[in-house]
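So the chains spell out like this:
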Amino acid sequence: MDHQSYQLTDWLPTTKKELDLREWDSPDVILFSGDAYIDHPSFGTAVIGRLLESQGLRVAIVPQPNWRDDFRDFKKLGAPRLFFAVTAGVMDSMINHYTANKRLRSQDAYTPDGRADMRPDRAVTVYSRILKELYPDVPVVIGGVEASLRRITHYDYWNDKLHKTILADTKADLLIYGMGELPLKQLIREIRDGKHIREINDIPQTAFIRTEASENPFNEEVTLFSHEECAKDKLKQAKNFRIVEEQSNRLSAARILQKVDGKTLIVNPPYPPMKDEEIDASFNLPYTRLPHPKYKGKHIPAYEMIKFSVNLHRGCFGGCAFCTISAHQGKFIASRSRQSILDEVKKITQMPDFKGYISDLGGPSANMYRMQGKDLTICEKCKKPSCIFPKICFNLNTDHSDLLDIYKAVDSLPGIKKSFIGSGIRYDMLLQDSNDEKINESHRMYLHELIRNHVSGRLKVAPEHTSDTTLKIMRKPSFRYFDRFKQIFDELNKKHLLNQQLIPYFISSHPGCNEEDMAELAVITKKLNFKLEQVQDFTPSPMTLATEIYYTGYHPYTLQPVYTAKSREEKNDQRQFFFWHDPKQRHSVIKKLKRIGRSDLVKKLYSRDIL
């Protein structure tokens with residue numbers, strides 16, 4: 001399974017020459033992407049391209065088109081027979097480009113050799129506007145993370161403004177949000193039935209703008225405050241967010257309407273979670289699992305990171321306030337079958353540079369495979385954003401037995417020396433007792449199996465903070481669960497003579513966090529012998545609870561004011577406490593502790609000799 005094993009026509013075409021090799025006059029769909037074309041199920045561009053191909057369509061991909069010149073990349077394949085599809089790629093282009101302090105990043109992991117100048121800011125908008133200018137009569141369908149998180153009125157951190165739905169900015173005809181396989185299949189069916197994209201109103205998980213709201217084909221409907229009202233009143237924006245988040249987390253949601261520019265944005269409810277056979281079908285498409293040959297000799301960091309990893313499921317029911325996963329993938333877990341997972345691992349073992357180590361058997365959260373409600377009729381009535389915060393739902397089945405079976409089956413395959421867990425785990429699920437002793441035993445077995453056999457030297461976990469007040473706003477468990485997990489980790493390492501490290505992730509400047517909270521974090525993590533590495537400032541990304549608090553100043557569920565550090569000075573004052581141990585920061589940290597009235601913490605951080 002290397003480039004020499006394939007012909008150029010084994011990839012979807014990217015040039016006129018490749019179209020000619022297939023003897024195509026023109027494609028049915030041309031997909032423009034902000035990422036390099038990597039034909040692998042971890043990259044959405046390949047998934048959508050292969051899915052459309054499986055529906056009998058001729059699909060071409062234009063990866064990372066040049067938007068600065070005479071638009072030749074947008075013209076080279078001509079107009080498609082059905083529509084253009086546009087995505088920014090795996091990441092939001094603004095988060096891809098900028099740090100939390102709005103500084104340009106020096107590398108783009110989804111670009112050959114990590115070049116940072118191969119996609120524009122707001123890539124979906126830029127690509128779509130160019131296509132609409134060149135081909136005004138050809139429909140444009142947008143999707144992917146960037147479009148999904150901007151489907152309604154949203155706050156944009158990078159220019160500090162409230163933006164309209166991305167449909168208004170792009171003039172796109174249809175937006176597909178979330179994981180796009182099911183809505184795309186229905187879209188193709190309806191086009192084949194003779195419908196024009198601008199006439200299609202009934203596909204779940206799509207959004208579009210109409211002069212007036214069409215007849216509602218779904219059971220319920222809810223109307224938000226208009227974009228114009230939200231632009232004038234931040235409290236109305238906060239109220240809107242709660243409605244949108246709650247609807248996004250229902251099994252049977254309502255259609256959402258919002259007025260914008262005198263027209264109506266319509267957001268249809270999502271599909272139910274994908275069934276095993278549906279998600280298997282997506283992973284079993286004929287990917288080469290390799291970058292397109294045009295990148296021969298180039299290093300694509302994101303591909304190198306995942307090429308020996310396997311995604312077990314989609315969705316996350318953690319509901320973290322700063323995370324976009326549930327807004328994009330949903331909180332309900334869609335899991336692959338055991339056979340589909342093993343088949344993919346077998347393909348990896350045939351790769352010429354595979355040395356026997358699977359880098360990750362994971363997902364959005366590594367240990368949610370196969371988990372769902374014990375009684376789905378209870379789930380049908382639920383609209384909570386998290387199944388495990390503020391405590392684990394009594395109806396959630398947290399049995400880890402199926403996941404343990406996957407680990408065992410993978411490790412027993414010929415060619416596999418070891419499989420690691422690189423995705424983050426939710427250790428709080430493993431430390432809260434259930435009324436079912438079988439489930440409790442699976443938790444104990446999982447902890448033992450994970451720590452003894454699946455850590456590649458360092459296990460990354462995300463307590464995110466030590467302050468219970470901040471953690472409550474984050475929708476994260478109390479820090480005492482991390483403390484308990486560390487004890488178990490250390491005990492098992494000692495028992496089995498392992499030399500492994502626990503690497504915790506923390507966030508500063510999150511809504512609700514102040515300097516005193518960060519000072520306490522420094523003291524607490526020092527007691528645990530940590531000199532923190534994996535730290536970051538909070539970045540407000542569209543469609544998260546934390547971002548709405550940051551922008552509006554209110555918690556959308558309580559409508560009470562919440563403090564957030566916003567200025568660069570305020571953020572740096574908080575971030576500095578991560579690095580209390582750096583001699584260059586010592587004087588400044590001591591000065592800050594005295595300023596906030598916490599001189600008592602100086603002696604807890606620094607020895608008498610240093611002082």
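Look a little higher up for the structure.
It should be emphasised that the depicted structure is a prediction, and the values quoted were computed from it without experimental measurement. (Residues numbered from 1 in each chain as written. Predicted model: local features only at pLDDT ≥ 70, side-chain atom pairs only at ≥ 80, totals over all residues. Heavy atoms only, no water.)

Novice: Explain the overall build of the protein chain residue by residue, including any values.
Specialist: For the protein chain, the count of helices and strands is 25 helices and 22 strands. Its C-alpha radius of gyration of 25 Å places the protein chain within 12% of the 25 Å reference for a compact globule of 611 residues. Per-residue burial for the protein chain yields a buried fraction of 58% across its 611 residues. Carbon and sulfur atoms provide 48% of the accessible area of the protein chain, an area that totals close to 26,200 Å². (Helix = DSSP H or I, 4+ residues; strand = E, 2+ residues; numbered from the N terminus. Rg over C-alpha atoms; globule rule 2.2 N^0.38 Å. Buried < 20%, exposed > 50% of the residue type's maximum accessible area, 1.4 Å probe, protein only. Areas by Shrake-Rupley, 256 points an atom, 1.4 Å probe, with all protein chains shown as cover.)

Novice: Requested: an account of the packing of helix α18 (residues 437-453) against helix α20 (residues 479-495), with residues and values cited.
Specialist: Packing of α18 against α20 leaves a shortest axis separation of 10 Å and a crossing angle of 55°. Between α18 and α20, the interaxial angle falls into the category oblique. Our pair here, α18 against α20, has a crossing hand that is right-handed. On α20, the residues that touch Leu447, His448 and Ile451 of α18 are Phe485, Ile488, Phe489, Leu492 and Asn493. Considering only residue class, the contact of α18 with α20 consists of six nonpolar, two polar and no charged. (Axes fitted to C-alpha atoms, helices over the stretch in contact; angles between N-to-C directions. Parallel < 35°, antiparallel > 145°, perpendicular 65-115°, else oblique. Left-handed = near helix turned anticlockwise from the far one by under 90°. Contact = heavy atoms within 4.5 Å. Nonpolar A, V, L, I, M, F, W, Y, C, P; charged D, E, K, R; others polar.)

Novice: Any chance you could break down the environment of Lys16 for me, citing the residues and the numbers?
Specialist: Within the secondary structure, Lys16 sits in helix α1 (residues 16-21). Overall, Lys16 belongs to the partly exposed group, its relative accessible area being 40%. Remark: the alpha-carbon pair of Lys16 and Leu285, spanning 269 residues in sequence, is separated by 24 Å. Discounting residues that sit within four places of it in the chain, Lys16 has contacts with Lys76 and Leu77.

Novice: So what about the packing of aromatic side chains? Which residues, and what values?
Specialist: Inspection of the entire model under this criterion finds 22 aromatic pairs. Seen from their ring centres, Phe84 and Tyr135 are 5.2 Å apart, and the 45° between their planes marks the pair as tilted. Highlighted residues: Phe84 in strand β4 (residues 83-87) and Tyr135 in the loop between α5 (123-134) and β5 (140-143), separated in sequence by 51 residues. Take Tyr135: its relative accessible area is 15%, and that puts it in the buried class. A ring pair is formed by Trp580 and Tyr606, whose centres lie 6.2 Å apart and whose planes are at 70°; its orientation type is edge-to-face. (Phe/Tyr/Trp six-rings, centres within 6.5 Å; stacked < 30°, edge-to-face > 60°.)

Novice: Got a sec to walk through the sheet that holds strand β9 (residues 206-210)? Specific residues and values, please.
Specialist: Here we have nine strands laid out as an open sheet, ordered β3-β1-β4-β5-β8-β9-β12-β11-β10, and mixed in their pairing. One side of each edge strand has no neighbouring strand; the edge strands of this open sheet are β3 (59-63) and β10 (221-223). Neighbouring strand axes in the sheet, compared pairwise and without regard to direction, differ in orientation by 20° on average. Pairing geometry for β4 and β5, over four bridges, is parallel. Bridge pairing links Val86 to Ile142 in β5. The sheet contacts of helix α8 (residues 181-192) involve β4, β5, β8 (174-176) and β9, and relative to β4 the element is tilted by about 170°. (Pairing = 2+ DSSP bridges.)

Novice: So, the pattern of salt bridges: which residues are in play, and what are the values?
Specialist: Counted under the stated rule, the structure contains 45 salt bridges. In this structure, Asp69 and Arg72 form a salt bridge, with 3.8 Å as the shortest nitrogen-oxygen distance. For Asp69, a relative accessible area of 30% puts it in the partly exposed group. For Lys132, the salt bridge identified is with Asp173, shortest N-O distance 2.8 Å. Highlighted residues: Lys132 in helix α5 and Asp173 in the loop between α7 (166-170) and β8, separated in sequence by 41 residues. (Salt bridge = Lys/Arg side-chain N within 4 Å of Asp/Glu carboxyl O.)

Novice: Lay out unusual backbone geometry with the relevant residues and their values.
Specialist: Here the bond from Phe389 into Pro390 is cis, since omega is 5°, no more than 30 degrees from zero. In this fold, Pro390 is placed in the loop between α15 (376-379) and α16 (401-411). One non-glycine residue, Asp160, lies in the positive phi region at around 55°. By the element assignment, Asp160 lies in the loop between β6 (154-156) and β7 (161-163). Unlike most non-glycine residues, Leu559 shows phi in positive territory, near 60°. As for its position among the elements, Leu559 is in the loop between α22 (545-552) and α23 (568-575). A relative accessible area of 30% means that Leu559 is categorised as partly exposed.

Novice: Hey, could you go over the sheet that holds strand β20 (residues 458-464) for me, with residue numbers and the actual values?
Specialist: Sheets are built from strands paired through backbone hydrogen bonds, the pairs being either parallel or antiparallel. The sheet built from three strands is open, its strands ordered β20-β21-β22 with parallel pairing. Two strands close off the open sheet at either side, each with one partner strand: β20 and β22 (534-537). With strand direction ignored, the average angle separating the axes of adjacent strands in the sheet is 20°. Pairing of strand β21 (residues 501-508) with β22, which is carried by four bridges, proceeds in the parallel orientation. Residue pairing in the sheet places Phe506 in a bridge with Val535 of β22. Against the sheet, α20 engages β20 and β21, with an angle of about 165° to β21.

Novice: Account for the side chain of Ser386, naming residues and giving values.
Specialist: Relative to the assigned elements, Ser386 resides in the loop between α15 and α16. Within the structure, Ser386 has its side chain in polar contact with the backbone oxygen of Phe317 (distance 3.3 Å). Reaching out from Ser386, the side chain makes a polar contact with the backbone oxygen of Gly318 at a distance of 2.8 Å. Setting aside its immediate chain neighbours within four residues, Ser386 contacts Phe317, Gly318 and Gly319. (Polar contact = N/O pair within 3.5 Å; in protein donor to acceptor, adjacent residues only side chain to side chain.)

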